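Descriptive structure summary
Here are the chains, one letter per residue:
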Amino acid sequence: MANGQWYPPEWPDRIRALADGTLTPVAPRRAATVMLLRDTPAGPAVHMLRRRASMAFAGGAYAYPGGGVDPRDDDREIGWAGPSRAWWAERLGVDENSAQAVVCAAVRETFEEAGVLLAGSGPDAVVGDTSGDDWEADRAALTAHELSFAEFLDRRGLVLRSDLLGAWTRWITPEFESRRYDTWFFAAALPEGQRTRETSGEADRTVWTRPEEAAAGYDRGELLMMPPTIATLRQLLPYGTAADVLAAAPERDMTPVLARARLRGGEVVLSWPGHDEFTKHVPAAPGGGAA
């Protein structure tokens, strides 16, 4: 394996089926993921988790904390600080209810999967250590969908700090995948006084790693990653601090990245616009393998 690029084994057959019109794409689910950063003397490090090998989607691959949008967050009254829902709607390219739900998903999933909460008692405050038993009970209830995020914030007297997030990019799972997600990627700095902990049942390892180290591990074939993960890691390389990343976020292009599969000669060419390193060549007829 030349690198750590993750592709499901069923992709070639599904790509051929999409190309010949026998596969109907499923609608993607809304999702959010967060590149959680902290500064080190050598530059920013990002928090990553390794998905359990038993997971049906991207088992064994490294990823950021994230997950699906909870429909309950679309139109609930939620304590909110930072840019307005209208601002986020324009930034994310969706309506206001959807923007609220996507931002909520980013904050909720970071808490569920890393134990880090981007919320506070007011617009200028952030909670401190969230590792106590009472916090853990709430985190478990959120994960089990026994508690909505709005209820959690209300119970705690907290407001969501949307200003601590920077929208970075948006990727949509290819049309030939059986599990599809429309995922917004965000950047955020680890709040002072908080620390990450291994909370996700979907992960068997969590690490803080510098983007260049993780990218080098991928290039050597030692770390498995999906295209959006390694692409965003490479995009972090020019920045010297977490604050630099967040300062750059407002200028990032949020046009969705969606893979294209097209027939060319005797093969199907799979490509991601703007990301040539992920281009794959799949035989148009069964037999052989992806290059």
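Everything discussed here concerns the structure shown above.
The present account deals with the structure reproduced in this document. Computed from a predicted model, the values in this text were never measured in an experiment.

**Side note on the sheet that holds strand β6 (residues 119-120)**
Taken together, the 3 strands give an open sheet; going across it, the order is β5-β7-β6, and neighbouring strands pair in mixed fashion. The open sheet has two edge strands, β5 (80-81) and β6, and neither has a second partner. Where β6 lies against strand β7 (residues 159-161), 2 bridges are found, and the strand directions are antiparallel. Opposite A119, over in β7, you have L160 as the bridge partner.

**Examining helix α5 (residues 149-156)**
Where α5 is concerned, the buried positions are F149, A150, F152 and L153. The buried residues of α5 all sit within an arc of 160° when viewed along its axis, so they share a single face. Looking at α5, the residues exposed on the side facing more than 90 degrees away from the buried face are D154 and R155. In this fold, the buried residues of α5 make contact with α3 (96-114), β6, α4 (133-143) and β7. Downstream of α5 by a residue or two, G157 has a phi angle that is positive, lying close to 65°.

**Regarding the environment of E192**
By secondary structure assignment, the location of E192 is in the loop between β9 (181-189) and β10 (203-209). Here the alpha-carbon distance between E192 and R38, two residues 154 residues apart in the chain, equals 9.7 Å.

**What about the side chain of E177?**
Its place among the elements puts E177 in the loop between β8 (166-172) and β9. R14 provides the closest opposite charge to the buried, salt-bridge-free E177, at an N-O distance of 5.4 Å. A distance of 3.4 Å separates a polar side-chain atom of E177 from the backbone nitrogen of R179.

**Remarks on the pairing of strand β1 (residues 29-40)**
In this structure, β1 lies alongside β9, joined through 9 bridges in parallel fashion. Opposite R30, over in β9, you have D182 as the bridge partner. As defined by bridge partners, β1 adjoins strand β4 (residues 66-68) across 3 bridges and the pair is classed as antiparallel. Considered in β4, the bridge of T33 is made with G66.

**Overview of the nonpolar core**
For soluble globular proteins, nonpolar side chains are generally found buried alongside one another. If you look at the biggest cluster of nonpolar residues, it comprises 40 residues, and the most contacted ones within it are W88, L92, L117, F149, F152, L165 and F186. Listing elements by their share of this core, those giving two or more residues are β1, α2 (85-92), α3, α4, α5 and β9. It is α3 that provides the largest number of residues to this core, a total of 10 residues. What F186 contacts, discounting residues up to four positions off in sequence, is A32, T33, V34, M35, W88, L92, V102, A106, L165, G166, A167 and W168. Counting residues in hydrophobic clusters, the runner-up holds 37 residues, among them L23, F185, I230 and V282.

**Some details on the packing of aromatic side chains**
Within the structure shown, the criterion is met by 10 aromatic pairs. Arranged with centres 6.2 Å apart and planes meeting at 80°, the rings of F111 and W135 form a pair that is edge-to-face. Of this pair, F111 sits in helix α3 while W135 is found in helix α4, placing the two residues 24 residues apart along the sequence. Across the pair, W135 and F111 agree in class, each one buried. Residue class for W135 comes out buried when judged on its relative accessible area of 12%.

Rules used in this analysis
Residues numbered from 1 in each chain as written. Predicted model: local features only at pLDDT ≥ 70, side-chain atom pairs only at ≥ 80, totals over all residues. Heavy atoms only, no water. Pairing = 2+ DSSP bridges. Helix = DSSP H or I, 4+ residues; strand = E, 2+ residues; numbered from the N terminus. Buried < 20%, exposed > 50% of the residue type's maximum accessible area, 1.4 Å probe, protein only. Arc of directions from axis to C-beta. Contact = heavy atoms within 4.5 Å. Lys, Arg positive; Asp, Glu negative; His and termini not counted. Salt bridge = Lys/Arg side-chain N within 4 Å of Asp/Glu carboxyl O. Polar contact = N/O pair within 3.5 Å; in protein donor to acceptor, adjacent residues only side chain to side chain. Core = buried A, V, L, I, M, F, W, Y, C linked by side-chain atoms within 4.5 Å. Phe/Tyr/Trp six-rings, centres within 6.5 Å; stacked < 30°, edge-to-face > 60°.

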